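# Structural overview for review
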Amino acid sequence: MRKKRDLLGRLAAGLDIPREALPGGFGLSLAGDSTLTVRGCKRILDYHDDCIVLAVGSRTLTVQGSALFCSAFAAGSVTVTGQIAALLLGEVTDA
Amino acid sequence: MLDFLLGYLEISVCGEEATVLLEACRTLGVSPRRQRRRTGALVLRLLARDAARVLAHPRVADISCTVVARGGLPLFLRGLLRRPALLVGLLLAVALITLSALFVWEVQVTGLADIPEAEMRELLAREGIAVGRFIPTLATDEAALALRAADARLAYVSVNRQGTVLLVSVVEAVLPPPKAPTAPANLVAVKDGVVTLPLVFEGKALVRPGDVVRAGDLLATGVLDTNDNGIRLTRAAGSVMARTEETFTVTVPFSYTVSSPTGRARYELSLKFFGTERKVFKNSGNLTGNYVIIENEKDLRAWNGRVLPAGWRLVTYRECETVTCTRTAREALALANEALAAKLAAAATHKTLLSKTVETVVSDEGVTLVCTALFEEDIARVAEFEIDR
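About the criteria used
Residues numbered from 1 in each chain as written. Chains lettered and ligands numbered in written order. Predicted model: local features only at pLDDT ≥ 70, side-chain atom pairs only at ≥ 80, totals over all residues. Heavy atoms only, no water. Helix = DSSP H or I, 4+ residues; strand = E, 2+ residues; numbered from the N terminus. Rg over C-alpha atoms; globule rule 2.2 N^0.38 Å. Contact = heavy atoms within 4.5 Å. Areas by Shrake-Rupley, 256 points an atom, 1.4 Å probe, with all protein chains shown as cover. Buried area = accessible area lost by both parts, 1.4 Å probe. Salt bridge = Lys/Arg side-chain N within 4 Å of Asp/Glu carboxyl O. Expected span 1.5 Å × (residues − 1). Buried < 20%, exposed > 50% of the residue type's maximum accessible area, 1.4 Å probe, protein only. Pairing = 2+ DSSP bridges. Axes fitted to C-alpha atoms, helices over the stretch in contact; angles between N-to-C directions. Domains from an automatic or database assignment. Polar contact = N/O pair within 3.5 Å; in protein donor to acceptor, adjacent residues only side chain to side chain. Nonpolar A, V, L, I, M, F, W, Y, C, P; charged D, E, K, R; others polar. pLDDT = per-residue confidence, 0-100.

This part covers the overall build of chain B. Along its length, chain B carries nine helices and 22 strands. Against the 2.2 N^0.38 benchmark of 21 Å for 389 residues, chain B shows a C-alpha radius of gyration of 42 Å, more extended than a compact globule. Based on the C-alpha atoms only, the size of chain B along its principal axes is roughly 135 × 65 × 40 Å. Considering only residue pairs separated by 6 or more positions, chain B has 67% of its internal contacts joining residues 24 or more positions apart. Per element, the accessible surface of chain B, about 23900 Å² overall, is 56% carbon and sulfur.

Set out below in structure tokens:
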């Protein structure tokens with residue numbers, strides 16, 4: 001799996017295209033501290049006022065802050081709005 | 001706005017189950033229109049069509065989420081269909097508004113100077129120009145021509161229609177002044193008196209200062225003897241001032257009656273609509289007795305102040321009872337003096353009050369003032385005569 005990811009990573013680097021354009025890639029756009037657009041979101045893992053956890057590629061993205069909402073879903077992208085304090089990338093842990 | 005037009009549902013979901021609902025939304029590509037948290041629950045507003053898809057999602061079926069609110073136009077229309085009377089009323093209102101555009105709502109008249117507006121409106125109504133007139137059958141040019149022909153005081157009339165408002169422009173004719181009468185005439189006395197100053201500037205004066213004349217006596221003649229050429233007829237003119245006497249009597253009784261309202265009232269309510277009036281309520285019945293009638297008419301107005309062709313008229317009949325009151329002799333005398341002063345003032349409009357003597361008579365019924373007033377006034381009046389040629 002790691003080999004495949006590395007292969008896709010190298011391919012993206014070699015072709016000079018964004019990694020998120022290839023399978024398993026994801027991208028983030030943060031506008032100020034209030035709007036975060038996550039492209040390549042596979043799943044919402046947890047949803048709270050102060051913490052939203054999203055599955056992106058083979059990793060998890062934890063958005064911490066306050067008054068957080070997932071306000072828009074379209075074509076694999078999720079827009080998180082609210083007062084964003086921190087973004088954490090982590091490994092998927094099977095519960 | 002889109003929420004209202006397409007309809008919406010608000011779905012409440014508790015705690016951890018919010019993740020499932022949001023994941024279902026993400027899977028289906030449905031974005032919540034609005035979100036808020038309320039006492040531990042997440043409330044999502046979704047468009048009605050999206051909500052149906054989300055609620056049918058297999059994972060959402062396993063969680064407990066409740067629809068806490070619905071709204072929007074589709075829901076309103078469905079509710080309306082369940083109340084046919086309301087729908088019929090709405091349709092009737094729309095039909096009424098549509099049909100009302102076929103009738104005259106208002107007639108505005110401009111350019112009036114001497115002709116009273118009420119008289120002009122009566123003329124217009126006679127030619128069919130009034131509120132409530134069916135517009136498709138209204139020929140404005142013909143109506144304007146007919147108005148001009150109907151009244152010589154109207155030099156020009158134009159009738160223009162702006163939507164449901166008729167604008168009537170009037171130019172009044174300038175009539176020539178009436179011709180001075182030329183028929184031969186004498187001056188005669190209209191009442192008894194003693195001549196003080198004859199001022200005759202046409203014709204021949206027949207009286208001198210100090211002469212006593214009676215009503216009907218000739219004061220100046222229009223028949224002039226020219227000695228050599230027979231007689232010449234003219235129209236005698238001038239004034240003959242004379243002292244005249246007039247008696248005024250004022251009686252004020254000690255007891256009198258006044259109408260006092262009892263507090264009971266009867267009503268008649270009429271609705272006016274496009275020039276027609278219909279009674280919608282009446283509890284006055286056949287009234288007998290003493291009533292004060294108060295009419296209150298109200299026209300509805302649009303936001304811009306324009307009078308609408310609708311309104312109401314309320315006639316109130318206030319019942320009154322007759323109460324007999326008494327006044328003292330002093331009060332009666334004061335009232336009699338006031339009434340006498342008013343009579344003298346009215347009488348002295350075109351003459352001069354020289355002197356007066358007042359006699360007071362008090363009886364059981366009341367106070368009577370007998371006033372003999374001496375005036376100086378013009379007693380001459382023109383009296384035309386005919387001649388056989």
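On to the interface of chain B and chain A. Taken residue by residue, the interface counts 16 residues in chain B and 17 residues in chain A. For the pair chain B and chain A, the two sides together bury roughly 1300 Å², of which 52% comes from carbon and sulfur. In terms of surface lost to chain A, no three residues of chain B exceed Thr19, Arg26 and Arg37 of chain B, which account for 45% of the buried area on that side. Our count for the contact surface shared by chain B and chain A stands at one salt bridge. Across the pair Asp49 of chain A and Arg37 of chain B runs a salt bridge whose closest N-O atoms are separated by 3.2 Å. Broken down by secondary-structure element, the contributors of at least two residues to the side of chain B that touches chain A are α2 (17-28) and β2 (34-38) of chain B. Of the residues forming the side of chain B that touches chain A, the biggest block, six residues, is contributed by α2 of chain B.

Residues and elements named next belong to chain B. When the terminal C-alpha atoms of α2 are compared, their 17 Å separation across twelve residues agrees well with the 16 Å that a helix rising 1.5 Å per residue should span. With nine of twelve residues buried, α2 is to be regarded as a mostly interior element. Of the positions making up α2, those classed as buried are Ala18, Thr19, Val20, Leu21, Leu22, Glu23, Ala24, Cys25 and Arg26. Positioned one or two residues after α2, Gly29 has a phi angle of 70 degrees, which is positive.

A few words on the sheet that holds β2 of chain B. Residues and elements named next belong to chain B. Pairing is antiparallel in the open sheet, where four strands are placed in the order β2-β3-β1-β4. Strands at the two margins of the open sheet, each flanked by one partner only, are β2 and β4 (65-71). On average, each strand axis in the sheet is inclined to that of its neighbour by 25 degrees, with strand direction left out of account. Bridge count between β2 and strand β3 (residues 41-47): five bridges; the pairing is antiparallel. Each residue of the ladder has a partner; that of Arg38, found in β3, is Ala41.

The next thing to look at is the domain arrangement of chain B. Residues and elements named next belong to chain B. When the domains of chain B are assigned, the result is domain 1 (2-77), domain 2 (106-172), domain 3 (183-254 + 327-389) and domain 4 (256-325). Tallying the contact residues gives five residues for domain 2 and five residues for domain 4. Interface area, domain 2 with domain 4, both sides summed: about 350 Å², of which 58% is carbon and sulfur. If you sort the residues of domain 2 by the area they bury against domain 4, Glu106, Val131 and Gly132 come out on top, with a joint share of 79%. In this structure, the connection of domain 2 to domain 4 is made through zero salt bridges. At the junction of domain 2 with domain 4, the criterion picks out zero residue pairs in polar contact (both at pLDDT 80 or more). Across the side of domain 2 that touches domain 4, the residue classes tally to two nonpolar, two polar and one charged.

For the rest of this paragraph, the subject is the sheet that holds strand β5 (residues 106-110) of chain B. Residue and element names in this part refer to chain B. Pairing in this open sheet of three strands is mixed, and the strands run β5-β7-β6 from one edge to the other. Pairing within the sheet leaves two strands with one partner each, and these edge strands are β5 and β6 (154-162). Each neighbouring strand pair of the sheet contributes to a mean axis angle of 20 degrees, computed without reference to strand direction. Pairing analysis gives five bridges linking β5 to strand β7 (residues 165-172), with the strands arranged parallel. Across the sheet, the residue bridging to Val107 is Leu166, located in β7. Set on the sheet, helix α7 (residues 117-126) makes contact with β5, β6 and β7; between it and β5 the angle comes to about 125 degrees. Those strands touched by helix α8 (residues 140-150) are β6 and β7, and its axis lies near 160 degrees from that of β6.

All right, on to the pattern of salt bridges then. Pairing between side chains becomes possible if they bear opposite charge and their charged atoms approach one another. Residue and element names in this part refer to chain B. Tallying each qualifying case throughout the model produces 25 salt bridges over all chains. The partner of Arg313 in a salt bridge is Glu277, and the shortest N-O contact between them spans 2.9 Å. Taken together, the residues Arg313 in strand β19 (residues 307-326) and Glu277 in strand β17 (residues 276-282) connect sequence positions 36 residues apart. With relative accessibility at 33%, the residue Glu277 sits in the partly exposed group. We note a salt bridge from Lys351 to Glu377, for which the minimum N-O separation is 3.9 Å. Within this pair, whereas Lys351 is found in the loop between α9 (329-347) and β20 (352-362), its partner Glu377 is found in strand β21 (residues 366-378), the two being separated by 26 residues in sequence. Exposure remark for Glu377: the relative accessible area of 8% places this residue in the buried category. One connected set of salt bridges, linked through shared partners, spans Asp3, Glu10, Arg33, Arg36 and Arg45.

Let us now look at the environment of Leu36 of chain A. All names here are of chain A. Checked against the element boundaries, Leu36 lands in strand β2 (residues 35-39). Judged by its relative accessible area of 0%, Leu36 falls in the buried class. Taking C-alpha positions, Leu36 is 6.4 Å from Thr81, a pair spaced 45 residues apart along the chain. Excluding anything up to four places from it in sequence, Leu36 contacts Leu28, Ser29, Leu30, Leu61, Val63, Val78, Thr79, Val80, Ile84 and Leu87.

This part takes up unusual backbone geometry. Residues and elements named next belong to chain A. Phi at Ala67 takes a positive value of approximately 50 degrees, unusual for a residue other than glycine. For Ala67, the location among the structural elements is in strand β5 (residues 59-74). The exposure class assigned to Ala67 is partly exposed, which follows from its relative accessible area of 40%.

Detail in the predicted coordinates should be disregarded across regions flagged by low pLDDT. Mean pLDDT for chain A: 82, with 89% of residues reaching 70 or above. Mean pLDDT across the elements of chain A bottoms out in helix α1 (residues 2-15) of chain A (68) and peaks in β2 of chain A (91).

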